[in-house]
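# Summary of structural features
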Amino acid sequence: MDFKRLATTLGAGVAGAVVMSAIGAQKSYVLAAALVSGSGSALIQANRSGAKSCTQNESLNTPNEENELILEIKDKGSVEKALIHIKEGNAKLQSKDYQRAIAAYNMAVQYNPNAGTAYANRGVAKKELFDYKGAINDYNNAIRIDPNDYISYNNRGIVKDCEGDIRGAIADYNKAIEINAHYPNSYCNRGIAKSSLGDLENLENAISDFSKAIELNPEDADTVYNPACVHAYYNLGIIYSRSNELEKSIANYDKAIELNSLGSQSSHKHSYYNRAAIKSSLGDFKGAIADLDQAIEGSTNYRSHAYYVRGIIKDRLEDHEGANLDFSLAIEDNDHGVDTYYLHSISRRRSEEHISIINNCNIAISTNPNDGNSLCKRGAAKGALGDFFGAIDDYTKSIQINSEDYVAYSGRGIMRSNIGDLESALHDFDKSIEINPNYSEGYFHRGNFHYISRHEAESDYSKVIKINPADARAYASRGAARNCRCDYAGAIADLDKAIQIYSDNAFAFFIRGNVKEESEDYDGAIADFKMAIEINPDFTVAHENLELLNDEAEP
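Analysis parameters
- Residues numbered from 1 in each chain as written.
- Predicted model: local features only at pLDDT ≥ 70, side-chain atom pairs only at ≥ 80, totals over all residues.
- Heavy atoms only, no water.
- Helix = DSSP H or I, 4+ residues; strand = E, 2+ residues; numbered from the N terminus.
- Buried < 20%, exposed > 50% of the residue type's maximum accessible area, 1.4 Å probe, protein only.
- Contact = heavy atoms within 4.5 Å.
- Areas by Shrake-Rupley, 256 points an atom, 1.4 Å probe, with all protein chains shown as cover.
- Salt bridge = Lys/Arg side-chain N within 4 Å of Asp/Glu carboxyl O.
- Phe/Tyr/Trp six-rings, centres within 6.5 Å; stacked < 30°, edge-to-face > 60°.
- Lys NZ or Arg CZ within 6 Å of the ring centre and 35° of its normal.
- Axes fitted to C-alpha atoms, helices over the stretch in contact; angles between N-to-C directions.
- Parallel < 35°, antiparallel > 145°, perpendicular 65-115°, else oblique.
- Left-handed = near helix turned anticlockwise from the far one by under 90°.
- Nonpolar A, V, L, I, M, F, W, Y, C, P; charged D, E, K, R; others polar.
- pLDDT = per-residue confidence, 0-100.
- Disulfide = S-S within 2.5 Å.
- Expected span 1.5 Å × (residues − 1).
- Arc of directions from axis to C-beta.

### Overview of the overall build of the chain
Within the chain one finds 29 helices and three strands. The burial tally for the chain puts 59% of its 555 residues in the buried class. A separation threshold of at least 6 residues defines the contact pool for the chain, and within that pool the share at least 24 residues apart is 56%. A total accessible area of about 22400 Å² is found for the chain, and carbon and sulfur atoms account for 48% of it.

### Things to note about the pattern of salt bridges
Enumeration according to the criterion identifies 33 salt bridges in this entry. D138 is the salt-bridge partner of K126, the closest N and O atoms lying 3.2 Å from each other. Of this pair, K126 sits in helix α5 (residues 116-128) while D138 is found in helix α6 (residues 132-145), placing the two residues 12 residues apart along the sequence. On the basis of relative accessible area, D138 is assigned to the buried category, the value being 2%. Between D172 and R156 there is a salt bridge; the shortest N-O distance is 2.8 Å. You can see D172 sitting in helix α8 (residues 166-179) and its partner R156 sitting in helix α7 (residues 150-162), a full 16 residues away along the chain. A relative accessible area of 3% means that D172 is categorised as buried. Put simply, D254, R275, K279 and D291 are held in one network by salt bridges that share partners.

### Describing the packing of aromatic side chains
Summed over the entire model, instances satisfying the criterion amount to six aromatic pairs. The ring of F444 is capped by R473, whose NZ or CZ atom sits 4.1 Å from the centre of that ring.

### Considerations on the packing of helix α10 (residues 200-216) against helix α11 (residues 227-242)
Contact pair α10 / α11: the axes reach a minimum separation of 8 Å and the direction vectors enclose 155 degrees. One way to sum up the angle between α10 and α11 is to call them roughly antiparallel. Along this stretch, α10 crosses α11, giving a crossing that reads as left-handed. The residues of α11 that touch α10, namely those facing L203, A206, I207, F210, A213 and I214, are C229, A232, Y233, N235, L236, I239 and Y240. Partitioning the contact of α10 with α11 into residue classes produces 12 nonpolar, one polar and no charged.

### Side note on the side chain of S410
Along the polypeptide, S410 turns up in helix α21 (residues 406-418). For S410, a relative accessible area of 1% translates into the label buried.

### Re the confidence of the model for the chain
Per-residue confidence for the chain gives a mean pLDDT of 77; residues scoring 70 or more make up 77%. Predicted confidence is poor over residues 63-74, with pLDDT under 50, and the contacts of this stretch with residues over four places away or in other chains come to 23 contacts. Scored below 50 in pLDDT, residues 335-350 shows 58 contacts in the model against residues more than four places distant or in partner chains.

### Comments concerning the packing of helix α25 (residues 472-484) against helix α27 (residues 506-518)
One way to put it is that α25 packs onto α27 with a least axis distance of 10 Å and a crossing angle of 25 degrees. If you check the angle between α25 and α27, you find them roughly parallel. The hand of the α25/α27 crossing is left-handed. For the pair α25 and α27, contact is made by A476, S477, A480 and N483 and by F507, A508, I511, N514, V515 and E518, respectively. A breakdown of the residues in the contact of α25 with α27 according to their chemical character gives six nonpolar, three polar and one charged.

### Section: the state of the cysteines
On inspection of all chains with the given rule, the structure shows zero disulfides. In this structure C229 is a free cysteine whose sulfur lies 9.0 Å from that of C188, the closest cysteine sulfur available.

### Description of helix α26 (residues 488-501)
Here α26 spans 20 Å end to end across 14 residues, near enough to the 20 Å set by a 1.5 Å rise per residue. Within the span of α26, buried status applies to G490, A491, D494, L495, A498 and I499. Viewed end-on, α26 has its buried residues packed into an arc of 165 degrees, placing them on one side of the element. Exposed side chains of α26 directed beyond 90 degrees from the buried face belong to A489 and Q500. In this structure, the buried side of α26 is in contact with α25 and α27.

Structure representation (structure tokens):
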């Protein structure tokens, strides 16, 4: 999918609330998932090499000619041909040419139906193309051929994790570790899965798994790049941040950045970004800006959001010119969902309506400092004006007054996500829903937060719809999530429903236009982009997509 063309933004919903945007194009730097890309260079085990993954630590099976020959000794010529195609497939896989890799592996299994390596590596390619069912079938075949193939167990666990089957993923990682207790990737991946379950026992077990992954890395781990070790430190940073052990969190991010510099990347962008959030929460704004500078440099995954957060911090430091420049850069570089209109509203500055709300709440709070309702209203108004730190203070005071204030938890989660404190934001959304399982706004905001992790987002939007079947935002957002995993029929059905409920939904028309374009219904796409622009003439991305479609339609 062309994420630049999509540029999806999910609105937080209620009047006066801050927009909480979908951030990133992968399932990364979100606490519950914490899935980081692997590397394609470092050798992990004999005859096994790391393969780049969009999720956890995944490995690529390397064909062993002697083992493959044993399987089909009666037809040596076919086995040799299979090996040639496997090697061809591996080369295509490493260069990310997944379709041709699959074609090569298809030929390999035709020559040798018992070529476990072909099934295993075809599973990797299918997973990268989001064909999770096909990937699992291939891993099942690889394991059937070789029940001790711990790498296929590990990789099948990754796919189950992508599908939301966390406990199934853990079971596969357990099996991989049972077969090979010295394989660090499975410990790291199991730790990631356990941390996503969120309860104290699993978080403690996750820490143990990450520590084991670090322990199992070679003695030269300080001089040779090892992705499992980097990811273990990174995820420990996330867990300690969530438990408010901020110094430990920073120390682990420091180590992840240090070790990652040994690899093909010059820096660990996710670690810089998360470390910036912690420094900001500690009041080290200059340190946060320095980390955001590093996160932005050479990054393509979420640079627009980093500009956005850096602009907020600069604004707090009274560097309004620098803040406006960063907001403009975020708009210009808007690849992954920072809300363009919201950024424009910040750069235009203050709204009289929200200032009036703040003034009225100030009077109410001065009369009754324990007025949680006024604190929440003032927090929402401050957030709408870009004062996210002030908003967080107000929501926190309301929670201190009433620990069961689920609205305050949800509001604080939105504000924390806007300053980049993603781990704490997720905790707040979870807490809001824990207190009130029927609070649709909590599910909606958490769905926005989980947007790029696809299945988690869809689940939350579905819960919103179950609680409130007339919530057009939830249908539109679920349609956008389904579009991102190429479920075009499901996306269109949801977007049609969103428009039926609320005919002036520019966002729904825009997303439906993208779905129609992906489905090659170009006339329909043009009509939807035009409707989005008619409803909101300032819809910049809709203008850009319409212009691109019109240019492509010209002879």
